[in-house]
Amino acid sequence: MVSFKISVPSTSANIGPGFDVLGLSMSLYLELEVSLPANADSSSSPLEASKRAQCSYAQVELTYSGEGATEAPLDPYKNLITRVALYVLRCHDYTSFPYTTTGSENRAGEACISIHVTNSVPFGRGLGSSGAAVIAGVLLADRLGRLGLSDSRRLDFALMVERHPDNVAAALLGGFVASYLRELPPEDLKAASIPLAEVLPEYPPEADENWGRDPPVPPVGIGHWVKLAWSPKVKAIAVIPAFEVSTAKARAALQPAYALKDCVFNLQRLAVLTQALGQQNPDPDLIFQAMQDRLHQPYRKHLIPALPTVLSSFSPTSHPGLLGICLSGAGPTILALATQNFEQIAQSVCEIFQAEGGIHCRWLVLDATTQGGTIEEHL
Ligand SMILES: Nc1ncnc2c1ncn2[C@@H]1O[C@H](COP(=O)(O)OP(=O)(O)O)[C@@H](O)[C@H]1O
Ligand SMILES: N[C@@H](CCOP(=O)(O)O)C(=O)O
């Protein structure tokens, strides 16, 4: 058997004013253990060899443990990770998962690729579970198809699925990442705006009108990024309420247009924040103000009952060690950045959720990771 492990970190997007710009990778992971028969994995001239025989979908065995284990589909046509992998493979002329044999055909029903997912990133909480799944799918395809994709090309594929760059850029590259989407020429814009159903057709293929079509290949260089410094003194407290908010629903709550003063409010803070969190001795007063936001949090308050109270009840004075507090991604998780008193800060947030809606929370103290998604071969 040949086996390898794919590991992708969770992410917190926005960090206050950086809506669709900032992402931070954190020490909570989505992991895939992938194994396949040794003769199925060609390390020499892989592309041609792999194309000789391919794995039928029934021969991909998908199992799950951890977060989402009871809800994640195990059908590789339906599961987000394998659907993304299939999309990337299809863009490289594979009609299915690659499976090379040195002679004999696969026996019917035999699992040729087995993928066990161990997931610690809760679904729909604003910790980038879907971004991690998308990056895991891109890495899976890259490794199985021996595609040799650059980070930039990997990001292009991820952006065809998750169309805001903050989570996927941080999950792929690791660290505190700022990113933007290049303004595309009209022909590329058309390719990059294809509905998700056409990018990721669903099961069964014969019933999906998009399946037989050529998959939309991403334009080159959609996403651009820079890694920002992150002070090792700063930890991320994630307070995770016991309910989900889908990112799609939270994005639908946003405004189609904003007042100039609100845009300037965010831009001023964003510029300061990108530097302030990397300073050796982070300045709580500077950072606390720099983590305020007027573009997304005000419009998502109705989706997260305790949010207004949480945002107005904390300061570095009331909670020493606190640097700033905000919604993590599209919520409902609350992200508090702090240098000390982690438990006290987390408990205070939990108490507000309990008092305002009877909502139970759990909390984690996470480190910022420097590494993004990785593929580790087991020798
Ligand atoms: N590991 C995974 N495997 C399969 N599907 C996943 C995985 N992680 C996330 N998803 C899909 O993404 C959805 C959550 O995405 P989203 O609403 O964007 O929230 P989040 O803030 O967690 O990214 C889940 O309900 C599930 O459909
Ligand atoms: N910028 C996006 C980030 C969504 O992050 P998620 O972790 O909630 O998927 C947004 O705020 O919509």
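Residues numbered from 1 in each chain as written. Chains lettered and ligands numbered in written order. Predicted model: local features only at pLDDT ≥ 70, side-chain atom pairs only at ≥ 80, totals over all residues. Heavy atoms only, no water.

You'll find the protein chain entered in an unreviewed UniProt entry as Homoserine kinase, with Mixia osmundae given as the organism. Regarding the protein chain, the relevant UniProt record gives this comment under Sequence similarities (unreviewed entry): "Belongs to the GHMP kinase family. Homoserine kinase subfamily." Under the Pathway (unreviewed entry) heading, UniProt states for the protein chain: "Amino-acid biosynthesis; L-threonine biosynthesis; L-threonine from L-aspartate: step 4/5." (UniProt positions renumbered as here; feature names shortened; annotations may be inferred.)

1. Re the overall build of the protein chain
If you tally the helices and strands in the protein chain, you get 13 helices and 13 strands. For the protein chain, with 379 residues in total, the buried portion stands at 56%. Relative to all contacts within the protein chain whose residues are 6 or more apart in sequence, the contacts with residues 24 or more apart total 79%. When the accessible surface of the protein chain is totalled, it reaches about 15,800 Å², and 53% of it is carbon and sulfur. (Helix = DSSP H or I, 4+ residues; strand = E, 2+ residues; numbered from the N terminus. Buried < 20%, exposed > 50% of the residue type's maximum accessible area, 1.4 Å probe, protein only. Contact = heavy atoms within 4.5 Å. Areas by Shrake-Rupley, 256 points an atom, 1.4 Å probe, with all protein chains shown as cover.)

2. A short note on the site of ligand 1
Residues in close proximity to ligand 1 total 18 residues, the closest being Tyr64, Gly124, Ser129, Ser130 and Thr247. Between ligand 1 and the protein, one listed contact pairs a nitrogen atom with a side-chain N or O atom of Tyr64 at 2.4 Å. Mapped onto the shell around ligand 1, the elements with two or more residues apiece are α2 (80-90) and α3 (129-144). Looking at the shell around ligand 1, the element that brings in the most residues is α3, giving three residues. Among the residues forming the shell around ligand 1, the class breakdown is eight nonpolar, nine polar and one charged. (Near = heavy atom within 4 Å. Polar contact = N/O pair within 3.5 Å; in protein donor to acceptor, adjacent residues only side chain to side chain. Nonpolar A, V, L, I, M, F, W, Y, C, P; charged D, E, K, R; others polar.)

3. Let's talk about the nonpolar core
Judged by nonpolar contacts, the single largest core of 83 residues is most densely connected at Ile15, Leu32, Leu140 and Leu337. Take this core: its biggest share by element is 10 residues, from α3. Counting only domains with at least three residues in this core, you end up with domain 1 (2-225) and domain 2 (230-367). When neighbours within four sequence positions are excluded, Leu140 is seen to be in contact with Phe4, Ile6, Leu32, Val34, Ile81, Thr82, Ala85, Phe97 and Ile115. In this structure, Phe314, Leu327, Ile345 and Cys361 belong to the second largest nonpolar core, which totals 28 residues. (Core = buried A, V, L, I, M, F, W, Y, C linked by side-chain atoms within 4.5 Å. Domains from an automatic or database assignment.)

4. Structural notes on the pattern of salt bridges
What the rule picks out here adds up to 10 salt bridges. The shortest N-O distance in the salt bridge between Arg251 and Asp20 comes to 2.8 Å. One end of the pair, Arg251, is in helix α8 (residues 247-252); the other, Asp20, is in strand β2 (residues 18-36), and 231 residues separate them in sequence. The class of Arg251 is partly exposed, set by a relative accessible area of 31%. Each of the salt bridges in this network shares a partner with another, and the network as a whole consists of Asp142, Asp151 and Arg154. (Salt bridge = Lys/Arg side-chain N within 4 Å of Asp/Glu carboxyl O.)

5. Quick look at the packing of α2 against helix α4 (residues 151-161)
Two elements in contact, α2 and α4, have axes whose closest approach is 11 Å; the angle formed by their N-to-C orientations is 120°. Taken together, α2 and α4 sit at an angle that is classed as oblique. Note that α2 runs across α4; the crossing there is right-handed. Here α2 contributes Val84, Tyr87 and Val88 to the contact with α4, which in turn contributes Phe157, Met160 and Val161. A breakdown of the residues in the contact of α2 with α4 according to their chemical character gives six nonpolar, no polar and no charged. (Axes fitted to C-alpha atoms, helices over the stretch in contact; angles between N-to-C directions. Parallel < 35°, antiparallel > 145°, perpendicular 65-115°, else oblique. Left-handed = near helix turned anticlockwise from the far one by under 90°.)

6. Notes on the sheet that holds strand β9 (residues 235-241)
The strand order across the open sheet built from four strands is β10-β11-β9-β12, with neighbouring strands paired in antiparallel fashion. Since the sheet does not close on itself, it has two edges, and those belong to β10 (322-327) and β12 (361-366), each with one partner. Averaged over all adjacent pairs, the angle separating strand axes in this sheet is 20°, with direction ignored. Both β9 and β12 contribute to a ladder of six bridges, which runs antiparallel. Considered in β12, the bridge of Val239 is made with Trp363. Contacts from helix α13 (residues 342-357) reach β9, β10, β11 (334-338) and β12 within the one sheet, and its direction differs from that of β9 by about 25°. (Pairing = 2+ DSSP bridges.)

7. Quick word on the site of ligand 2
Within the structure, ligand 2 sits among 15 residues, and Asn14, Asp20, Asp166, Arg251 and Arg300 are positioned closest to it. Asp166 places a polar side-chain atom, nitrogen or oxygen, 2.6 Å from a nitrogen atom of ligand 2. Asn167 has a polar side-chain atom sitting 3.0 Å from an oxygen atom of ligand 2. Within the residue set of the shell around ligand 2, elements represented by two or more residues are β1 (2-14), β2, α5 (165-173) and α8. Residues that form the shell around ligand 2 fall into these classes: four nonpolar, seven polar and four charged. The two domains that each donate at least three residues to the shell around ligand 2 are domain 1 (2-225) and domain 2 (230-367).

8. Some thoughts on the confidence of the model for the protein chain
Here the protein chain shows a mean pLDDT of 91. Residues at 70 or above account for 89%. Overall, residues 101-106 carries pLDDT values under 50, and its contacts beyond four positions in sequence, including any with other chains, amount to 10 contacts. Complex prediction metrics read pTM 0.94 and ipTM 0.99. (pLDDT = per-residue confidence, 0-100.)

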